[in-house]
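Structural overview
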Amino acid sequence: MGRYVFIGLLFIIFFSCKDTGHKGSSKSDVDQKLYTLQGEGWKSKRVSHLAGDIQYRATQVPVEYYLLKSLQDNQDSITSLARDMANERIVEMEFEHFGKSDLLEQDFTGMDYDRSVSYMANTIQGDFMAVTQTGDTIPCSGVHFERHFKVSPFKRVILYFGGIPQQQPIQVIYNDRLFGNGIFKFSFDQQPFKS
């Protein structure tokens, strides 16, 4: 009985290590692509606004960058998903205080810290919309708050917009209810670079 288990294990190991001809990416290939995408040209231009001591920065990024980070070992899936998500837009939004103060403190938001974090993680989605060149208004379909736990001097949310025709420039409109600084418009007149 033990001999059959051993032979079975060898069989599994042999076939799991065998090259199936699938052209996946090696770790170094993925690292190189991430490095290339993170270089100077991997994002669209960054648009910034200043209100008081708070800087608001928005940057449109290619969908491929996030897919590559998530699906590093499956290049075929990345290509297929990128094609399926061609009408999606991802925008990084950063908020930074010039004095390096934590913007989620009550002094800035008027809320206790936990409520400010909850707002940034959930409610802020309703404060954003995208407007296409043809005048269509697209609500933000999702948001991801990157928690840095007071390590970095800025706060970042990743915004998702869907149903935007390819090659169409967008303008992201932000109604700042968190800090109470009004409406900001971030115009992206180019697509993010794809490698």
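For the structure, check the block above.
What you see is a predicted model; the values in this text were computed from it and never measured.

Calculation criteria
Residues numbered from 1 in each chain as written. Predicted model: local features only at pLDDT ≥ 70, side-chain atom pairs only at ≥ 80, totals over all residues. Heavy atoms only, no water. Helix = DSSP H or I, 4+ residues; strand = E, 2+ residues; numbered from the N terminus. Buried < 20%, exposed > 50% of the residue type's maximum accessible area, 1.4 Å probe, protein only. Contact = heavy atoms within 4.5 Å. Pairing = 2+ DSSP bridges. Axes fitted to C-alpha atoms, helices over the stretch in contact; angles between N-to-C directions. Polar contact = N/O pair within 3.5 Å; in protein donor to acceptor, adjacent residues only side chain to side chain. Phe/Tyr/Trp six-rings, centres within 6.5 Å; stacked < 30°, edge-to-face > 60°.

The residue Ser116 is located in helix H6 (residues 113-121) in this model. The buried category is assigned to Ser116, whose relative accessible area is 0%. Among all residues touching Ser116, those that are not within four sequence positions of it are Leu104, Thr109 and Met111.

If you trace the 4 strands from one edge of the open sheet to the other, you get S5-S4-S8-S9, paired in antiparallel fashion. The open sheet has two edge strands, strand S5 (137-139) and strand S9 (182-188), and neither has a second partner. Sheet twist, expressed as the mean angle between neighbouring strand axes with direction ignored, is 25 degrees. With 5 bridges connecting them, strand S4 (residues 128-132) and strand S8 (residues 170-176) associate as antiparallel partners. In the sheet register, Ala130 faces S8, and the bridge partner there is Val172.

Along the polypeptide, His97 turns up in strand S3 (residues 89-97). Take His97: its relative accessible area is 9%, and that puts it in the buried class. In this structure the side chain of His97 is engaged in a polar contact, spanning 2.9 Å, whose partner is the backbone nitrogen of Gly99. Side-chain polar atoms of His97 contact the backbone nitrogen of Ser101, separated by 3.4 Å. Apart from residues no more than four positions distant in its own chain, His97 is found in contact with Asp53, Leu103, Phe108 and Pro153.

Here we come to the packing of aromatic side chains. In this structure the tally under the stated criterion is 8 aromatic pairs. Here Tyr56 and Phe179 contribute two aromatic rings whose centre-to-centre distance is 6.5 Å and whose plane-to-plane angle is 70 degrees, an arrangement assigned as edge-to-face. On the criterion of sequence distance, the pair formed by Tyr56 in strand S2 (residues 54-61) and Phe179 in the loop between S8 and S9 is long-range, its members being 123 residues apart. Pair check on accessibility: Tyr56 and Phe179 agree, each one buried. Taking 6.4 Å as the distance between ring centres and 20 degrees as the angle between the ring planes, the aromatic pair formed by Tyr174 and Phe184 counts as stacked. Remark: Phe184 occurs in strand S9 and Tyr174 occurs in strand S8; sequence separation between them is 10 residues. Residue Tyr174 shares its accessibility class with Phe184, and that shared class is buried.

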